[in-house]
Amino acid sequence: MTSLGTLLRTLRHLSPEQVIRRAVHEVRQRVEPHAGPATRLLYAPVPEAKCVVSLGKPAELSEERVIVERWQRGVVEIHGVERARDDWSNAEMSRLWRYERQYHRELPALAMLAPDDARALVQSWLAACPPLGRDAWEPYPVARRILNWSLALALNPALEPELAPHLAGQVRWLANHLERHLLGNHLLCDLCALVAGASTLEFSDSDAILKRALDGLAHELPKQLLADGGYAERTAQYHAIVLDDALLAATLATQRGVELPASLRNALEAMTRWLSVVRRADGSVPYLNDAAPGSIPNLDRVLSRAHALGISTTPKGHAATELSQTGWSIVRRGAHELLFEHGPIGPDEQPGHGHSDGLSFELIWDGERVVEDTGTTSYVADAVRHHERSATAHASITVDGQSPDELWAAFRVGARATISGEAARLLEDDVWSLRGSLLAPQGWRHERGLIFWPGRALVILDVVEGTTGHALAHLPLAPGWSWHGSSLRRGERELQLHTLLGMSIDAIDGWVSAGFGKKLPRTTLRFQADLSGRIAVVLAAPGAMGALEKNGCVIEHAGERRHVVLDARGLPT
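Residues numbered from 1 in each chain as written. Predicted model: local features only at pLDDT ≥ 70, side-chain atom pairs only at ≥ 80, totals over all residues. Heavy atoms only, no water.

(A) Examining the state of the cysteines more closely. Applying the stated criterion to the full structure yields 0 disulfides. With no disulfide of its own, C189 lies 6.8 Å from the sulfur of C192, the closest cysteine sulfur. Given a relative accessible area of 2%, C189 falls into the buried group. (Disulfide = S-S within 2.5 Å. Buried < 20%, exposed > 50% of the residue type's maximum accessible area, 1.4 Å probe, protein only.)

(B) Structural view of the nonpolar core. Counting 107 residues, the largest nonpolar core has L221, L268 and L275 as the members making the most contacts within it. Considering each element in turn, this core owes the most residues, 13 residues, to helix α12 (residues 236-255). Aside from chain neighbours lying at most four places away, what touches L275 is H239, A240, L243, V285, L299, V302 and L303. With 41 residues, the next largest nonpolar core counts V370, L438, F452 and L458 among its residues. (Core = buried A, V, L, I, M, F, W, Y, C linked by side-chain atoms within 4.5 Å. Helix = DSSP H or I, 4+ residues; strand = E, 2+ residues; numbered from the N terminus. Contact = heavy atoms within 4.5 Å.)

(C) Fine view of the packing of aromatic side chains. In this structure the tally under the stated criterion is 7 aromatic pairs. Here the aromatic rings of Y103 and Y140 are separated by 5.9 Å at their centres, their planes lie at 80°, and the arrangement is edge-to-face. Placement of Y103 in the loop between α5 (95-101) and α6 (107-113) and of Y140 in helix α8 (residues 139-155) is noted, with a sequence separation of 37 residues between them. Judged by centre distance (5.8 Å) and plane angle (75°), the rings of W125 and W149 are edge-to-face. Of this pair, W125 sits in helix α7 (residues 115-128) while W149 sits in helix α8, and the two are 24 residues apart along the sequence. Both residues of the pair, W125 and W149, belong to the buried class. An aromatic cluster is present here, built from W125, W137, W149 and W173 joined pairwise through their rings. Over the ring of W511 we find K519; its NZ or CZ atom is 4.0 Å from the centre of that ring. (Phe/Tyr/Trp six-rings, centres within 6.5 Å; stacked < 30°, edge-to-face > 60°. Lys NZ or Arg CZ within 6 Å of the ring centre and 35° of its normal.)

(D) Main features of the sheet that holds strand β25 (residues 545-549). Strand order across the open sheet formed by 3 strands is β25-β26-β27, with antiparallel pairing between neighbours. Only two strands of the sheet have a single neighbouring strand rather than two, namely β25 and β27 (560-565). Taking each pair of neighbouring strands and ignoring which way they run, the sheet shows an average axis angle of 15°. For β25 and strand β26 (residues 552-557), the ladder comprises 5 bridges, and the chain directions are antiparallel. Within the sheet, the bridge partner assigned to E549 lies in β26 and is G552. (Pairing = 2+ DSSP bridges. Axes fitted to C-alpha atoms, helices over the stretch in contact; angles between N-to-C directions.)

What follows is the structure, encoded as C-alpha cells:
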C-alpha cells in the first residue's frame, strides 16, 4: 500500500488538469466497452478510405527477414519471450507484454516481404480484438498500431482493401482519446499517429484530423524539448522513439503534399543533432534511465529518414559535449569517454521513465566499457524494477541504503532530489574537471567532483553532508570485469583501483540489461565514507599513481605529472 504522504508528494507535481483528465480517462475506459453498439458505430470501419501515399522500401531488410521467419514459424517475440502469433490476450503475460502485442510491430515487415501473412495478421486481430476491449483499445496501443499500419500501407499500398477502412476507424477513435492525462511521450505518440494515419489515408474527415494533429504536434513537441535539443524525459531510448515517430509522421505528411510547420521542423532538427551527438562510436547510445538494447529504433534508419527531410545528421566534433538541460556532460578523447549525469529525474509532470541516478557516471576506457549503468529489463512493479530505478543500480550514493528520490510502483516518484552540475572544464594538458551537487529531500547533500585524464586516470571525489547515516558509493562495473583488491581485470586488460579516502567494503553481484527480460551478470563495488563523509577513489592505467595532498590531487603516469587544486572540502575548484 502506498502511504498518503507518498501519494501527496507525487500528486503535488501534477497540474490540476492532469488529475481531472486522469479521472475522465479511467471512467471512459470502464464505461465505453459496455456502452453498446452505438458507441462502436462512432469508430466503425470507413469503407471509402483510400491510401494516397507510398514510400520506398529500405535497402537493408535483414531485421525484417528475421521477423517474417519467426512469424511463419507461428510465433511472435516480445521482450525475449515467444508466444503463438494468434494468441492476442495471454493473461499469463505482463500487461506491458500484452500492450506491445497490440502494436503490430510485425506488420511493416510482413507488408514488404509476405503480404498474404500481413493480411492474415489483420484478419486474426480483427476477429480476436473487436472494439472497444482492453488492452487493444487503450490509447497508446492504438497509437502505436496506427503508426505501424500507416507505415505498412505506405510500403505496400496493395494492402488498401484490408487495412484502409479499419485504419481510418482507429484514427477517428484516437482523435477523441488523446492522452492529455499522461502527457509526455504518450501524447506525442498519439499526435504522431494521427498525422501518420490521416496523411496516409483519404476519407471524409482525414484533412480536418490531419490539420488538428499537425498543429498539435507542432505545438507539443517543441514544448517537450529541452533547450539543448534533448527530450525532456532524459532517456536516449525515448528520445529516439519520439524522434522516429515524429520523422515518420513528417515524412508521410510531406508525401501527402503538406508543408511542415517551422516549429516542427526546428524541433526535428534539434532532436536529430542531440541524437547524433550522444551516439557512440559503436553505434549505441547511453542506456541511462529507462533504456535497453533492442528497444531503441534502428538509428541508421532514423537518421536516414531525417536526412531525407533535409536535416543534417553529422555531429560536430568536440572533446567535451555539454547537454546542460538534459544534465549530461560528455568528455571524449579517442577511444576514452566519461559521461557525467547531473540532471533531474525527469519533467515534473512525467518522471516515470527516470531513475534515481543523480551525479552518476559511465566510463569507457580505450573502447572498453568499465563503469556502466544498469539500464532496464522490466516495467513490472517488483523488486527488479525497484532496484533498476534505485541509486544502488548506478554509480551513485545511497544513505542507509536509501536513494535520494522517493520511488514507488513501476513509474511513480514522490519527493525528488534537487540536482545541479557544472560544465566540464579543461584544466591543463587534457585533464578535465566535472562537478555536481545533489540535495536529497531527506536533508542530506552529496557533492561530487570527477578529475579525468583520459587514458591515464579517473579520480572520484565525494562529500556527503547533513546525515549521520552510512553513506555508500556504488561503482557498477561492466560485464566481464572482476575485482582483485587493488585492480580490475577483464581478460588481458587491467586497471588499478585505489581508495584514498573512506574504505572499500565489498563487491556484490548485479546485472546489466541486455534488453527487456535479459540480464548480463556483473559486479558492483561499494565504498563507505569516512567519518567526515568523504570518499576518494582512483581508477588508473597500470603504472599510474594518484594521491591527495594538501589542497590538491596529484596524478603521475609515464613520467608526466598533473596537479589539480582542491577546495577546503576536497573538490576540484
